[in-house]
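Letter by letter, the chains look like this.
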Amino acid sequence: MDQRLLTIQDISCIGQCSLTVALPVISACGIETAVLPSSVLSNHTAFPSWTFNDLTPDMENILAKWKELNIDFSAFYTGYVSQEQIPVIKKIMNETGRKGALKIVDPVMADNGKMYAGFAPDFPEKMAELCNGADVILPNMTEASFLLGVEYPGENYSKDYVEKMVRDLHKLGAKNVVLTGVSFEKGKLGVAVYTGDTDSIEYYFTDRLPISCHGTGDVYASSFAGSLCRGKTLIEAARIAHEYVCESIRKTIDDKEDHWYGVKFEKAIPFLVSQLS
């Protein structure tokens, strides 16, 4: 039976993030991609204003129909969701997942030391419940700090600090951890990949690019999920995703002033596909 991945996150109609990234990127990896929107926004929240429509009431109805039709999934990937949706998402995974279904959780809630607008102070505790039992979680440094209830370290941390952090995240119930936005050296940026079965940590770094862009976390998580479903190892998928994000940023640099709201990940899809062969 072919693989079928379900991704659960919002649709920001404009802004090159969330489902408008996940669907084309994972599909380009050769994986059938189903979607369950958690909400619909006119555009992402970095714009001056936006509309928002919560779709929580629809999720149970959709689940009921899928069960009636015997629809199931070999993998799940979650992104931006609300606190109220987490119990429903866990139910969807339990009731529609094939045996051994892969669960990838991107605990989207914070960056640069701050929680995103709209999340309650106890949201990290609820997100930790979704992380519990996941095959892989993909927090950035800020999200990892919130999940663990520790102070965000900024850029002042050591290798020992990171290695304790990923092991503590594993203790929350995540089988493996890919910690993004890690840097031990000025001008370098990368990821720490923790494998729970072997209690081992691997790193992958590249030169830090001169600009940062909206939506790169979603580009990373989507290409990571697609790569992992294609049979790549954790470190291979982490490397491919990192390089794909870098290539997407390079495609955007010359037009960054007008194209400030995201990255031109579409132009980098041939690069992603070449890495999966």
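Quick caveat, the model's predicted, so the values are computed rather than measured.

Moving on: the overall build of the chain. Across its full length, the chain carries nine helices and 11 strands. Whereas a compact globule of 277 residues would reach a radius of gyration of roughly 19 Å, the chain reaches 18 Å, a difference of no more than 12%. Out of the 277 residues in the chain, the part that is buried amounts to 51%. Long-range contacts, defined here as pairs at least 24 residues apart, represent 67% of the contacts in the chain between residues at least 6 apart. For the chain, the separation between the mean place of its 26 positive charges and that of its 36 negative charges on side chains is 4 Å.

In summary, the side chains of a regular strand alternate between the two faces of the sheet. Pairing geometry for strand β4 (residues 73-78) and strand β5 (residues 97-105), over five bridges, is parallel. The residue of β5 that forms the bridge with Phe-73 is Gly-97. With respect to chirality, the unit in which β4 leads through helix α3 (residues 86-96) into the neighbouring parallel β5 is right-handed.

It is at 10 Å that the axes of helix α5 (residues 141-148) and helix α6 (residues 159-171) come closest, and there the two elements cross at 55°. The angle between α5 and α6 falls in the class oblique. For the pair α5 and α6, the sense of crossing is left-handed. Counting all contacts with α5, which are made through Met-141, Ala-144, Ser-145, Leu-147 and Leu-148, the residues of α6 involved are Tyr-161, Met-165, Asp-168 and Leu-169. Residues of the contact of α5 with α6, tallied by class, amount to seven nonpolar, one polar and one charged.

Here we take up the side chain of Thr-7. As for its placement among the helices and strands, Thr-7 is situated in strand β1 (residues 4-12). Assessed through its relative accessible area of 0%, Thr-7 is described here as buried. A polar contact is formed between the side chain of Thr-7 and the backbone oxygen of Tyr-77, at a distance of 3.1 Å. Sequence-distant contacts of Thr-7, defined by excluding residues within four places in its chain, comprise Leu-19, Ala-22, Thr-33, Ala-34, Val-35, Leu-36 and Tyr-77.

Attention now moves to the state of the cysteines. Throughout this description, disulfide means a covalent bond between two cysteine sulfur atoms. Evaluation of the coordinates by the stated rule reveals zero disulfides. Distance from the sulfur of Cys-29, which forms no disulfide, to the nearest cysteine sulfur (Cys-229) is 8.6 Å.

The next point concerns the pairing of strand β2 (residues 32-41). Taken together, the eight bridges between β1 and β2 define a ladder with parallel strand orientation. Residue Ile-8 lies in a different strand from β2, and its bridge partner there is Leu-36. With three bridges connecting them, β2 and strand β3 (residues 52-54) associate as antiparallel partners. Considered in β3, the bridge of Ser-39 is made with Asp-54.

Turning our attention to the packing of aromatic side chains. Summed over the entire model, instances satisfying the criterion amount to 13 aromatic pairs. Judged by centre distance (4.8 Å) and plane angle (55°), the rings of Phe-47 and Trp-260 are tilted. Taken together, the residues span a long stretch of sequence, with Phe-47 in the loop between β2 and β3 and Trp-260 in the loop between α8 (234-250) and α9 (269-276) at a distance of 213 residues. Phe-47 gets classed as buried once you look at its relative accessible area, which sits at 17%. Classification of Trp-260 as partly exposed rests on a relative accessible area of 29%.

Right, let's talk about the environment of Leu-55 for a bit. Summarising the element assignment, Leu-55 is placed in the loop between β3 and α2 (56-68). Under the relative-accessibility criterion, Leu-55 is labelled buried at 15%. In the structure, Leu-55 is positioned 100 residues away from Glu-155 in sequence and 37 Å away in space, judged by C-alpha atoms. Leave out the neighbours within four places in its chain, and Leu-55 touches Pro-37, Ser-38, Ser-39, Val-40 and Gln-85.

What counts, and at which threshold
Residues numbered from 1 in each chain as written. Predicted model: local features only at pLDDT ≥ 70, side-chain atom pairs only at ≥ 80, totals over all residues. Heavy atoms only, no water. Helix = DSSP H or I, 4+ residues; strand = E, 2+ residues; numbered from the N terminus. Rg over C-alpha atoms; globule rule 2.2 N^0.38 Å. Buried < 20%, exposed > 50% of the residue type's maximum accessible area, 1.4 Å probe, protein only. Contact = heavy atoms within 4.5 Å. Lys, Arg positive; Asp, Glu negative; His and termini not counted. Charge placed at Lys NZ, Arg CZ, Asp CG, Glu CD. Pairing = 2+ DSSP bridges. Right-handed = clockwise from strand over helix to strand, strands pointing away. Axes fitted to C-alpha atoms, helices over the stretch in contact; angles between N-to-C directions. Parallel < 35°, antiparallel > 145°, perpendicular 65-115°, else oblique. Left-handed = near helix turned anticlockwise from the far one by under 90°. Nonpolar A, V, L, I, M, F, W, Y, C, P; charged D, E, K, R; others polar. Polar contact = N/O pair within 3.5 Å; in protein donor to acceptor, adjacent residues only side chain to side chain. Disulfide = S-S within 2.5 Å. Phe/Tyr/Trp six-rings, centres within 6.5 Å; stacked < 30°, edge-to-face > 60°.

What is shown is where atoms sit, not what they do.
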